[in-house]
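# Residue-level structural notes
These are the residues of each chain, in order.
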Amino acid sequence: MKIMIVDDHADMRRVLRSIVSFSTVETSEIIECDSGEEAVGKYILQQPDCVLMDVELKGMNGFETTEKIYTQDSNANVVIVTSYDTTAFRSRAEKLHVKGFISKDKLSDIKQILQNITYNRGT
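Since the structure is predicted, the reported quantities are computational estimates derived from the model, not experimental observations.

### Topic: helix α2 (residues 36-46)
Of all the positions in α2, only G36, A39, V40 and Y43 are classed as buried. Around the axis of α2, the buried residues are gathered within 100° of arc, so they sit on the same side. On the buried face of α2, the contacting elements are β1 (2-6), β2 (29-33), β3 (50-53) and α3 (62-72).

Below is the structure:
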């Protein structure tokens, strides 16, 4: 499984990388991006199975980045990972039809979402 992590903080990318590495034995590659622009540019080249997307990014925010990724691949598996667990953010994520919404306070939820994506990929 190839995972793209999009977060503008290196420490958070490191934490997410560690969680992903321990969450699934199938993870074969992790791609890290520190901006939405970089993620959009790398998405089509790398074709990740899942994108863990922060919302608060410098430049293009995570919602805009998700929209651009969906124009490249309408079947992309994007999961919002944010410190801002608000009704407005959840509503916007729902409208985008992302595969999950995870508060950075509950990063342990990543494991279940990755398992669901892996299962759905196989069916």
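### Observations concerning unusual backbone geometry
A positive phi angle, close to 50°, is found at Q47, a residue other than glycine. Mapped onto the secondary structure, Q47 falls in the loop between α2 and β3. We note that H97 has phi near 60°; this positive angle belongs to a residue other than glycine. Assessed through its relative accessible area of 61%, H97 is described here as exposed.

### Here's the deal with the sheet that holds strand β5 (residues 100-103)
By definition, the strands of a sheet pair up through backbone hydrogen bonds, in either a parallel or an antiparallel sense. Strands sit in the order β2-β1-β3-β4-β5 across an open sheet of 5 strands; the sheet is parallel. The open sheet is flanked by β2 and β5, the only strands paired with a single partner. Strand-to-strand twist of the sheet, defined as the mean angle between neighbouring strand axes without regard to direction, takes the value 20°. The sheet contact formed by β1 and β2 spans 5 bridges and is parallel. By the bridge assignment, I5 is partnered in β2 with E32. Here helix α1 (residues 10-23) sits on the sheet in contact with β1, β2, β3 and β4 (78-82), set at roughly 165° to β2.

### Some remarks on the pattern of salt bridges
Evaluation of the coordinates by the stated rule reveals 8 salt bridges. Across the pair E32 and R13 runs a salt bridge whose closest N-O atoms are separated by 3.2 Å. One end of the pair, E32, is in strand β2; the other, R13, is in helix α1, with 19 residues separating them in the sequence. Owing to a relative accessible area of 26%, E32 belongs among the partly exposed residues under this scheme. Since its relative accessible area comes to 12%, R13 is described here as buried. The shortest N-O distance in the salt bridge between R90 and D85 comes to 2.6 Å. A single network of salt bridges, built from pairs that share partners, joins D7, D54 and K104.

Rules behind the numbers
Residues numbered from 1 in each chain as written. Predicted model: local features only at pLDDT ≥ 70, side-chain atom pairs only at ≥ 80, totals over all residues. Heavy atoms only, no water. Buried < 20%, exposed > 50% of the residue type's maximum accessible area, 1.4 Å probe, protein only. Helix = DSSP H or I, 4+ residues; strand = E, 2+ residues; numbered from the N terminus. Arc of directions from axis to C-beta. Contact = heavy atoms within 4.5 Å. Pairing = 2+ DSSP bridges. Axes fitted to C-alpha atoms, helices over the stretch in contact; angles between N-to-C directions. Salt bridge = Lys/Arg side-chain N within 4 Å of Asp/Glu carboxyl O.

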